[in-house]
Amino acid sequence: MGVFACGRYANAVTFLFLGTGTSHGVPMIGCDCAVCRSTDARDNRLRPSIYVECDNGQRILVDSTPDLRQHALRYDIRRVDAVVYTHAHADHVLGLDELRRLNHMTHQPVPLYGEARTLKQIKQTFAYAFDTDARAGGGVPDLTTQVIDASPFTIGDQEIVPVPVRHGTWTIFGFRFGSFAYLTDCNAIPETSLPLLRNLDVLVLDALRHRPHPTHFTVAQAIEAAKAVGARQTYLTHICHDLGHAETSAKLPDGVALAYDGLRVTL
Ligand SMILES: [Zn+2]
Ligand SMILES: [Zn+2]
Ligand SMILES: [Zn+2]
């Protein structure tokens, strides 16, 4: 349970789902619905993030959610060699200060990779962390920034391909690592991005709920997009409390499944 493995080879990479919930998380504060009250662990969803574990020991975090401390405690994360940002919405960046503890353990600054706009927004939100006076006191995370564009880039040995996706009025990045692609937060995949998603073993796709939303795929839209991409397996993420894991999973087509916190995929 909880492990999807295929085509394992010497340089295997494991993708750990740290959180698969929408911006509110599930349970949502003050909600008594059946999913928020569920005792099924798969209905308990922290904010959306994945942790990429490369064979050579390198560890890459995608987004620093407000639950980063919980992610790290739950999954015993002791190392983050880089954070790669999809975009700067609050549910994807607000845990940035927790990187302080990772700095302490690795004795290294953490490089943040993102588009110029994303890094600008992060610097505005966390102005204190980039203030050279404050840094002298040691009470702030030690960070560097690396601007990326839509070109593939490399962190250590790992090539990462940005995949532009529509997220409301924004175009933001999903990321492809080998035959795994992580597209959180999207309501459309532009035609021009489809060639970047060929021959995938695993596609991870936003699927907020059944009701339409201006910036997120519904489950039905995600299933359509999954068909267009044609990955061997698609996992849905960024899930709100409308979707109970068991009842929703029972209705999904073959090759499409709900992700859940703690799911590990090794490729
Ligand atoms: Zn609820
Ligand atoms: Zn967003
Ligand atoms: Zn989000």
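See the structure printed just above.
Heads up: these notes are all about the structure in this document. (Residues numbered from 1 in each chain as written. Chains lettered and ligands numbered in written order. Predicted model: local features only at pLDDT ≥ 70, side-chain atom pairs only at ≥ 80, totals over all residues. Heavy atoms only, no water.)

### Here's the deal with the packing of aromatic side chains
Working step 1: Per the counting criterion, the structure on display carries 7 aromatic pairs.
Working step 2: Seen in terms of ring centroids, Phe 153 and Phe 175 are 6.3 Å apart; in terms of plane orientation they differ by 85 degrees. Their pairing is edge-to-face. Of the two residues, Phe 153 is situated in strand β8 (residues 153–155) and Phe 175 in strand β10 (residues 170–177); the sequence distance between them amounts to 22 residues.
Working step 3: Ring centres 6.1 Å apart and planes at 70 degrees place the aromatic pair Phe 173 and Phe 175 in the edge-to-face group. Across this residue pair, the class does not change: Phe 173 and Phe 175 are buried. (Phe/Tyr/Trp six-rings, centres within 6.5 Å; stacked < 30°, edge-to-face > 60°. Helix = DSSP H or I, 4+ residues; strand = E, 2+ residues; numbered from the N terminus. Buried < 20%, exposed > 50% of the residue type's maximum accessible area, 1.4 Å probe, protein only.)

### Let's talk about the coordination of the zinc ion (ligand 3)
Working step 1: At this site the zinc ion (ligand 3) is bound by Asp 91 (OD), His 92 (NE2), Asp 185 (OD) and His 238 (NE2), with donor distances of 2.1 to 2.3 Å.
Working step 2: Around the zinc ion (ligand 3), the 4 donor atoms are arranged such that angles at the metal cover 91 to 163 degrees; this shape is classified as irregular.
Working step 3: Look at where the donors of the zinc ion (ligand 3) fall in the sequence and you get D-H-x92-D-x52-H.
Working step 4: A separation of 3.5 Å is found between the zinc ion (ligand 3) and the zinc ion (ligand 2), which are bridged by Asp 185. Highlighted residues: Asp 91 in helix α2 (residues 90–93) and Asp 185 in the loop between β11 (180–183) and β12 (202–206), separated in sequence by 94 residues. (Donors = N, O, S within 2.8 Å, 3.2 Å for Na, K, Ca; no water. Tetrahedral: all angles 85-135°; square planar, octahedral: opposite > 155°, others 65-115°.)

### Structural notes on helix α3 (residues 99–106)
Working step 1: Among all positions in α3, only Leu 99, Leu 102, Asn 103 and Thr 106 are buried. Down the axis of α3, the buried side of the element spans an arc of 105 degrees, and every buried residue falls inside it.
Working step 2: Looking at the buried side of α3, the elements it contacts are α1 (68–75), β5 (82–84), β6 (110–114) and β7 (143–147).
Working step 3: Just downstream of α3, His 107 is the residue with a positive phi angle, here 55 degrees. (Arc of directions from axis to C-beta. Contact = heavy atoms within 4.5 Å.)

What is shown is where atoms sit, not what they do.
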